[in-house]
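# Structure assessment
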Amino acid sequence: RWKLLFLVGLMLGGLCYASMQGGVVFEFGYPRLQELVSGPLTAAFITFGGGLLVGFGARWAGGCTMGHGLCGCSIFSPASFAATATFMAVAIAVTKILNLVSGGSY
């Protein structure tokens, strides 16, 4: 229940901020990715799906990247060392793939 309220609060907070700045404008921050996937909504759905996967991965791994990297590794947790190495390897691979796909302009 609290997680749902937190999620709703995040969305309402973003809408309140946007309305105070002159209105809600739907624009996507990665123009090259937007061109590659043909449209801002498609690109937004891809990044939304990526966010869901990050949340699922953090839950499945028993914590987030910062939690494992800072707290877990500082107490020499083998699981945190493995998780942090995995997070870093995947982040580097995805960055390299995006760089190749977008021609270096993502």
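## Examining the overall build of the protein chain
For the protein chain, the count of helices and strands is five helices and zero strands. In the protein chain, the succession of α and β elements from N to C terminus is α-α-α-α-α. Counting all 106 residues of the protein chain, 12% fall into the buried class. Partitioning the contacts of the protein chain with sequence separation of at least 6, the portion at a separation of at least 24 is 26%. When the accessible surface of the protein chain is summed, it comes to about 8,400 Å², and 75% of that surface belongs to carbon and sulfur atoms.

## With respect to the packing of helix α4 (residues 65–74) against helix α5 (residues 78–102)
The description of two helices packed together rests on the angle between their axes and the distance between the axes. Remark: α4 packs on α5, axes separated minimally by 9 Å, with the N-to-C direction vectors making an angle of 140°. With respect to α5, the axis of α4 lies oblique. Here the hand of the crossing between α4 and α5 comes out left-handed. Listed contacts from α5 to T65, H68, G69, G72 and C73 of α4 are S80, F81, A83, T84 and F87.

## Focus: a nonpolar patch on the surface
Together, L4, F6, L7, V8, L10, M11, L12, L15 and V24 make up a nonpolar patch on the protein surface, roughly 870 Å² of accessible area in all. Tracing the chain through its elements places L7 in helix α1 (residues 2–20).

## What about the confidence of the model for the protein chain?
Mean pLDDT over the protein chain works out to 80, with 84% of the residues at or above the 70 mark. Within the protein chain, the lowest mean pLDDT, 69, falls on helix α2 (residues 31–36), and the highest, 88, falls on α5.

## Let's talk about the environment of F87
Mapped onto the secondary structure, F87 falls in helix α5. F87 gets classed as partly exposed once you look at its relative accessible area, which sits at 23%. Separated by 22 residues in the primary sequence, F87 and T65 have C-alpha atoms spaced 6.8 Å apart. Leaving out residues up to four positions away in the same chain, F87 has contacts with A61, G63, C64, T65 and H68.

The rules behind these values
- Residues numbered from 1 in each chain as written.
- Predicted model: local features only at pLDDT ≥ 70, side-chain atom pairs only at ≥ 80, totals over all residues.
- Heavy atoms only, no water.
- Helix = DSSP H or I, 4+ residues; strand = E, 2+ residues; numbered from the N terminus.
- Buried < 20%, exposed > 50% of the residue type's maximum accessible area, 1.4 Å probe, protein only.
- Contact = heavy atoms within 4.5 Å.
- Areas by Shrake-Rupley, 256 points an atom, 1.4 Å probe, with all protein chains shown as cover.
- Axes fitted to C-alpha atoms, helices over the stretch in contact; angles between N-to-C directions.
- Parallel < 35°, antiparallel > 145°, perpendicular 65-115°, else oblique.
- Left-handed = near helix turned anticlockwise from the far one by under 90°.
- Patch = residues over 30% accessible without salt bridge, like charges linked within 9 Å, V, L, I, M, F, W, Y side chains within 5 Å.
- Salt bridge = Lys/Arg side-chain N within 4 Å of Asp/Glu carboxyl O.
- pLDDT = per-residue confidence, 0-100.

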